[in-house]
Amino acid sequence: MILDMSRIRVLGPMEELQPVLERIQDLGLVHFVESAQTDALTQLVLTPHQERHLRNVRQVAEDADTAINLLGETATLSRRTAESLTLPQAALIAGRTRRALETLEDRRRQLEEERSLILKFQPFFSTFEKIATSGLDLDGIRIFYLVLRVGGEQELLRMRAALRSSLGEGFELFSQPAASGESAMILAVSAADAQRAEALLSEAGVQPLVLPDQFREEGAIHTIQRMQARLKELPQDLVEIEVERNRIAAERGRDLARIQASLHDHLATITTMEKAVVTPRAFVFEGWIPSAARGELERRLQKSFGGKVEVERISKEEWEGELAPVVLKNPRLFRPFEAITRMMPLPRYGSVDPTPFVAVFFPMFFGIALGDIGYGALLAAVSLGIRFRSRPDTKLRAVSQIGLACALFSIVFGFLYGELFGDLGHRLGLHPIIFSREEAVVPFLGLALALGVVHIVIGLCLGAVNLFRGDKRHAIGRAMAAVMVVLIALALMAAFEMLPGRFFTPLVIALLALFPILIVAEGVLAPIELVSTIGNVLSYARIMAVGTASVMMAVAANRMAGAFGGVFVGLMFALLFHLINFVLSVFSPTIHMLRLQYVEFFGKFFSPGGVEYQPFRHWSPREGAV
Amino acid sequence: MEMEGSWLYLSAALAVGIPALATGWAQSRIGPAAAAILAEKPELTVTAVLLIAIPETVAILGFVVSVLILLQGGG
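Residues numbered from 1 in each chain as written. Chains lettered and ligands numbered in written order. Predicted model: local features only at pLDDT ≥ 70, side-chain atom pairs only at ≥ 80, totals over all residues. Heavy atoms only, no water.

(A) A look at the nonpolar core. All names here are of chain A. Residues Phe 362, Phe 365 and Ile 543 are the most contacted members of the largest nonpolar core, which totals 71 residues. Apart from the residues within four sequence positions on either side, Phe 362 is in contact with Phe 337, Ile 340, Phe 357, Ile 402, Cys 406, Thr 590, Met 593, Leu 594 and Gln 597. The next biggest cluster of nonpolar side chains, apart from the first, holds 29 residues, and it includes Ala 61, Leu 231, Ile 241 and Leu 256. (Core = buried A, V, L, I, M, F, W, Y, C linked by side-chain atoms within 4.5 Å. Buried < 20%, exposed > 50% of the residue type's maximum accessible area, 1.4 Å probe, protein only. Contact = heavy atoms within 4.5 Å.)

(B) Spotlight on the layout of surface pockets. Residues and elements named next belong to chain A. As a volume, the second largest pocket reaches approximately 730 Å³. As for the second largest pocket, its lining consists of 22 residues, of which Leu 445, Gly 446, Leu 449, Leu 492 and Met 498 are closest to the centre. If one sorts the elements of the lining of the second largest pocket by residue count, helix H14 (residues 441-468) sits on top with seven residues. Among the residues making up the lining of the second largest pocket, the classes are represented as 21 nonpolar, one polar and no charged. (1 Å grid on protein atoms, 1.4 Å probe; cavity = no way out; pocket = protein on both sides within 12 Å on 5 of 7 lines; lining within 4 Å. Points joined across faces, edges and corners; volume = space filled by probe spheres on them. Helix = DSSP H or I, 4+ residues; strand = E, 2+ residues; numbered from the N terminus. Nonpolar A, V, L, I, M, F, W, Y, C, P; charged D, E, K, R; others polar.)

(C) Local environment of a nonpolar patch on the surface. Residue and element names in this part refer to chain A. A cluster of nonpolar side chains, Val 486, Leu 490, Leu 492, Met 493, Phe 496 and Met 498, forms an exposed patch at the surface whose accessible area comes to about 550 Å². Along the chain, the position of Leu 490 falls in helix H15 (residues 472-495). On the basis of relative accessible area, Leu 490 is assigned to the partly exposed category, the value being 30%. (Patch = residues over 30% accessible without salt bridge, like charges linked within 9 Å, V, L, I, M, F, W, Y side chains within 5 Å. Areas by Shrake-Rupley, 256 points an atom, 1.4 Å probe, with all protein chains shown as cover. Salt bridge = Lys/Arg side-chain N within 4 Å of Asp/Glu carboxyl O.)

(D) Focus on the interface of chain B and chain A. In this complex, chain B contributes 14 residues to the contact, which on the side of chain A involves 17 residues. Counting the surface lost from both chain B and chain A, the interface buries some 1,300 Å², and carbon and sulfur atoms represent 84% of this. Looking at the side of chain B facing chain A, the largest losses of area belong to B:Val46, B:Leu50 and B:Ile60, adding up to 34% of the total buried there. Summed over the shared surface of chain B and chain A, the result is zero salt bridges. At the surface where chain B touches chain A, the tally comes to four residue pairs in polar contact (both at pLDDT 80 or more). (Buried area = accessible area lost by both parts, 1.4 Å probe. Polar contact = N/O pair within 3.5 Å; in protein donor to acceptor, adjacent residues only side chain to side chain.)

(E) Seen up close, the sheet that holds strand E4 (residues 141-148) of chain A. Residue and element names in this part refer to chain A. Taken in spatial order, the three strands make up an open sheet running E4-E6-E5, and their pairing is antiparallel. A strand with exactly one partner marks an edge of an open sheet, and here the two such strands are E4 and strand E5 (171-177). Each neighbouring strand pair of the sheet contributes to a mean axis angle of 15°, computed without reference to strand direction. Pairing analysis gives seven bridges linking E5 to strand E6 (residues 183-190), with the strands arranged antiparallel. Counterpart to Ser 175 in the pairing with E6 is Met 185. Across the sheet, helix H4 (residues 153-167) is in contact with E4, E5 and E6; its angle to E5 comes to roughly 170°. Against the sheet, helix H5 (residues 194-204) contacts E4 and E6, and its axis sits at roughly 10° relative to E4. (Pairing = 2+ DSSP bridges. Axes fitted to C-alpha atoms, helices over the stretch in contact; angles between N-to-C directions.)

Listed below in structure tokens is the structure:
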């Protein structure tokens, strides 16, 4: 549900402005808005000194944020303590730590780059080293280090032929296969022939190996030896950086966390101050608070400031519902499903929160489509895994809880269909209680469409409730549409002899009688809208389609076990196919059932455009955690 | 009789095949547009997924009709 909100005005003497804001921040429930200006009440403007202070605070907060990001998981967040640092002290600590950590990070990045560079060349160098240390006299000799790609025998032959015709016997060519499958080669020519050799290599399409800049001037053998030595040293260098980072974290982590929290709080206070309107002696704030918490705010301000600060409730006649921020508050069991509602824009204040309906229908539809004890159990295991790896109140935790609800419904419907990894359940003695989805396609379709009628009718009724406060004529039209959808469904049941045939004519007469009322209430486009609503109901056939596809795939997977020569091979194929089917059977119903919620159901009543509730409260490092 | 059976299966195949092709064509047009939107406004992910999923109704209804054709034909 959407919490009832009160619009309030907080008035007090100017000298209490900051302390009042601090108390309100402690409570963390007031969503401030720009206050209305009058001739006497003007917006609070910061003095140049305050502006400068604000810039400094922002800079230090940025330093602290960056430093804590660089510390990563090692940052320890302490509770706010009584002792507090002055801004210059905080600036010194945050600035120094940021610079130290950035230097360490640069150094770490350089070392990582150096290591990956050496590793790239390593297979060739170990090969070159073997060739080059085989007793060659290198005075007056130019050495080319070459790499021949895998399968480059033609290039090698072309190169040998070209070198022989151009240089005669004045060259030596050594080659050795490297671990990568490429060939490392050394071409030795006299310094006088070097230019010609280079041109020939280019013509033959063989590229000389380009050494990294930092090693180039040292000569080949030294380079190789130095690179190998560096490769041994690098892990130690990286460990030293990590040790230094941990030392900084242990030494300054708590201070940084405290600086970060207090400065973000301070920044929020200054930003909120700008929403006040003031006279030379008094301030006025306007904002929103959940109605149930208004008494608590009044008590706290009364306790701290006596009668000097006043909280005034602005009557509902003075404000429009659309402006109120929206707070979704649902029972614990439904709360994870707020994640699905929140994927759409927030519902408008005063409209219906769809979360409780999503919490019932989404996992139910999912379970009807998946409907398999085995897959349901697997989904439960995956969801539990995610649950244990996620933190409370994060999106991931909500996903795990939604997954568990879906798994539960899948297992329940698995029992009703008698399915355990497809038809394996039948073979193990499980029997369908309502119907077997392999055979009873039409009853399954009937179930899906019946659910569609129920879901759409609930949506239309919610739409009528939403509209009732403002546009009563349209509300009646929406309710009429709901009644007509039910009548159409009943008439069809009578026509197909699922209900006694004598009901058919009265139902059709009732429909025809309601038709003019619908047109008067909803306009001339109402019949088209009604046909579209019937189309929405048909869309629920996807529950049956997705479910049937899932069970047929599972049956096919089970048949694989016996379709291949060996039992083991068949079993492996069956398991693989079940795994693929499990992934598809979870993904596909998720998308389709979400669509049923958002397009078919929400389309009947959902009115987006709610304002996000952003209470003025203490900063938390977990804000935005996933 | 055999000929009738062939027509039945062909009809069922066409009932699901043609809508599936149409869905594929529609999604091939919506997909790149949705990807382009997401590059600029990642917050529209849900809208994009829904837009891509909307044409699937046609294929699903085709599948339902196809199953009904087979069931009716099979008696």
